[in-house]
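As a plain string of letters, each chain reads:
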Amino acid sequence: MSKTAKGYLSIIICLFAATALSLTMGAADINFLDLKPQDIDILLKLRVPRVFLGLIVGAGLAVSGAVLQSILKNPLAEPYIIGSSSGAALGAVGAMLTGMVFLKTPAAFIGAIGAVMLVYNISSFSSRKSPQTLILAGVAVTSLFSAATLL
């Protein structure tokens, strides 16, 4: 068995172990040898949706991280480099300052998208389109938005 296949096999085994643990652990003790109707309700209405949602969110984060690393050609790329995290923070703070706390999540999303668009527009001014230009523009926008958030 190759080294890569062993790595994939270990990841799959860890995934199944984590899934089994998350289904069995919780505030209510469930005896799988003697399932009662309330135990089945707990499993089907609480724990199974929680596990599947966790799997979907984890897969989405993994894909977005891989896309970000491939676009920037940098294995250490993260959302802080291109300004999306600081843009989201600024959007959330702006919603709270205006008294619209109920719009905090949409404002954070709009702030993150706006920051990434600003980084892309700044980096497109360069005659040489490269990942380094995108990273430098992202660091500048991150600094600007972080300063505005702290203000």
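Our subject is the structure listed above.
Presented here is an overview of the structure given in this document. (Residues numbered from 1 in each chain as written. Predicted model: local features only at pLDDT ≥ 70, side-chain atom pairs only at ≥ 80, totals over all residues. Heavy atoms only, no water.)

### Some details on the overall build of the protein
Tallying secondary structure elements over the protein gives five helices and zero strands in all. Helices and strands appear in the protein in the N-to-C order α-α-α-α-α. Rg of the C-alpha trace for the protein: 22 Å, well past the compact-globule value of 15 Å for 151 residues, more than 25% over. For the protein, the spread of C-alpha atoms along the three principal axes comes to 65 × 55 × 20 Å. (Helix = DSSP H or I, 4+ residues; strand = E, 2+ residues; numbered from the N terminus. Rg over C-alpha atoms; globule rule 2.2 N^0.38 Å.)

### Comments concerning the packing of helix α3 (residues 84–97) against helix α4 (residues 104–123)
It is the contact of α3 with α4, at a shortest axis distance of 6 Å, that shows an interaxial angle of 140°. In this view, α3 runs oblique relative to α4, as classed from their interaxial angle. For α3 against α4, the interelement crossing comes out right-handed. Counted together, S84, G87, A88, G91, A92, A95 and M96 of α3 and K104, A107, A108, G111, A112, A115 and V116 of α4 form the full contact between these two elements. Here the contact of α3 with α4 is built from residues that sort into nine nonpolar, four polar and one charged. (Axes fitted to C-alpha atoms, helices over the stretch in contact; angles between N-to-C directions. Parallel < 35°, antiparallel > 145°, perpendicular 65-115°, else oblique. Left-handed = near helix turned anticlockwise from the far one by under 90°. Contact = heavy atoms within 4.5 Å. Nonpolar A, V, L, I, M, F, W, Y, C, P; charged D, E, K, R; others polar.)

### So, helix α5 (residues 131–150)
Side chains of residues three or four places apart in an α-helix project in the same direction, reflecting 3.6 residues per turn. When the terminal C-alpha atoms of α5 are compared, their 28 Å separation across 20 residues agrees well with the 28 Å that a helix rising 1.5 Å per residue should span. Looking only at α5, the buried set comprises P131, L134, I135, A137, G138, V141, T142 and F145. Within α5, the buried residues cover an arc of 160° as seen down the axis, which keeps them to one side. Exposed side of α5, more than 90 degrees from the buried face: L136, L144 and L150 are the residues found there. Looking at the packing, one finds that the buried side of α5 touches α2 (37–72), α3 and α4. (Expected span 1.5 Å × (residues − 1). Buried < 20%, exposed > 50% of the residue type's maximum accessible area, 1.4 Å probe, protein only. Arc of directions from axis to C-beta.)

### Notes on the packing of α3 against α5
Running from N to C, α3 and α5 cross one another at 25°; their axes reach a closest spacing of 8 Å. Relative to α5, α3 is oriented roughly parallel. As α3 runs across α5, the sense of the crossing is left-handed. For the pair α3 and α5, contact is made by S86, G87, A89, L90 and V93 and by V141, T142, F145, S146, A148 and T149, respectively. For the contact of α3 with α5, a count of residues per class yields six nonpolar, five polar and no charged.

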